[in-house]
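# Architecture at a glance
Chain by chain, the residues:
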Amino acid sequence: IMMAKSLLLVFGIQLSFLCTSLNASVPTPALRICRPPPPLPNSTSKNPACLVIGDSVSIGYTSIVADMLSDVCDVFHAPFSGDGGACDTRYGLQCGELWLNSSLSGYPAPQYAAIVYNFGLHDTNIERKDEESRDEYVPIDEYGNNLVLIHNMIKRFQPQAQVGYLLTTPMHFDMLLNGLVQSYNTRAVKLLLNSTSEAPPLVNWTIDMYNVVTKVCGEPPYYGSKADPSSKHNCSLINDNEETHYNTAGWELLATNVAGLLRKMVAARSTYERTNSETTSTGGNLCADHETFCPSGTTCIADSWSNTKWGCCMVPDAVDCGDSWHCCMQGQKCMHNQTNGDHICA
């Protein structure tokens, strides 16, 4: 009996080791490199700080908003990056703590007086036409849940801030994606902006950015250099062949609406004390550009989308996949699925 028990024990240990080894080799989706948070406000400024979180559409109008509100608040964009910005809600959940809790130089983020955010164009990217978009499509149920989680994250790290949500702007000539934008906007309204018998809305401040555009241009499609080369340009806010972006008039219209909202949000705050601490670092590593700082437990990785060309993989001692977009945990290898183009770690 004792020998049988010993054999069973040895067999159990071997089986456990085998299962662990098999699980360790199971491929998982590669992590995405987080583009860095914005820099700190100028230490001589007396204005409160405001934050815009969003994709390349919000990047397009944020500098104009900053000029419009120069006497009201110092406006920053998260992440501190170029095209794509905050991308989709999964990416927002992965990187949001970095953007809300830290600054580019590694010091704690300021206490923002007002924060507006948007996700949607990248979440609806079901067509998976390029490597970046293959990471981005988020089914509508998950999208809605992610929006609520991101709202809770904002309130956790910036509890003093007035928080607003911006509904997503239209797709200009891809009507499949524009239909998804409308559905995702409806889900955002339901989960963030509608009250119930049990609770008030999560978000009290909003702009229907879809409606801002369609009030001027009507419902898309607006023109169709790609979809219909014979059609005429019929929206004064966009350049020909631009699926999501705007011309000068378009950016200024969007910026005017966002600036107006932020102005009201800053005025509505009950109390606000400007904090801009440059005395206590969050701890971590200064990247090779000597500008970008990644907090403790994360890893500096080259990122061509970042304004500084560096970002943070949100795990320690990460493996760089070499594509400025993906990373893996220590001990894993980056692998490229030749069938569907996805990056995986194994």
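Relevant structure appears above.
All figures in this text were calculated on a predicted structure; none of them were measured in a lab.

A separate point is the packing of aromatic side chains. Applying the stated rule across the entire model yields 5 aromatic pairs. On the basis of an interplanar angle of 70 degrees and a centroid distance of 5.0 Å, the ring pair of Y117 and Y165 is categorised as edge-to-face. Here Y117 is found in strand β5 (residues 114-117), whereas its partner Y165 is found in strand β6 (residues 162-167), with 48 residues between them in sequence. Of the two residues examined, Y117 and Y165, each falls in the buried class. Relative to W251, the ring of Y246 has its centre 5.6 Å away and its plane inclined at 70 degrees; by these criteria the two rings are edge-to-face.

This next bit is on the side chain of S103. By the element assignment, S103 lies in the loop between α3 (89-101) and β5. Here Y107 takes part through its backbone oxygen, which lies 2.7 Å from a polar atom of the side chain of S103. Setting aside its immediate chain neighbours within four residues, S103 contacts P37, P38, L40, P108 and A109.

Okay, the nonpolar core next. Formed by 77 residues in total, the largest nonpolar core has its most connected members in I53, Y61, V65, Y117, Y165, L254 and L262. In terms of residue count, helix α8 (residues 248-268) provides more of this core than any other element does, 9 residues in total. Those residues in contact with I53 that sit more than four places away from it in its chain are S58, H77, A78, A86, W99, L100, I115, V116, Y117, N118, F119 and I154.

With that out of the way, let us pick up the sheet that holds strand β13 (residues 326-328). The strands making up a sheet associate through hydrogen bonds between their backbones, and the pairing can be parallel or antiparallel. The strand order across the open sheet built from 3 strands is β2-β13-β12, with neighbouring strands paired in antiparallel fashion. Only two strands of the sheet have a single neighbouring strand rather than two, namely β2 (31-32) and β12 (319-320). Both β2 and β13 contribute to a ladder of 2 bridges, which runs antiparallel. Note on β13: the bridge partner recorded for L31 is C327.

The rules behind each value
Residues numbered from 1 in each chain as written. Predicted model: local features only at pLDDT ≥ 70, side-chain atom pairs only at ≥ 80, totals over all residues. Heavy atoms only, no water. Phe/Tyr/Trp six-rings, centres within 6.5 Å; stacked < 30°, edge-to-face > 60°. Helix = DSSP H or I, 4+ residues; strand = E, 2+ residues; numbered from the N terminus. Buried < 20%, exposed > 50% of the residue type's maximum accessible area, 1.4 Å probe, protein only. Polar contact = N/O pair within 3.5 Å; in protein donor to acceptor, adjacent residues only side chain to side chain. Contact = heavy atoms within 4.5 Å. Core = buried A, V, L, I, M, F, W, Y, C linked by side-chain atoms within 4.5 Å. Pairing = 2+ DSSP bridges.

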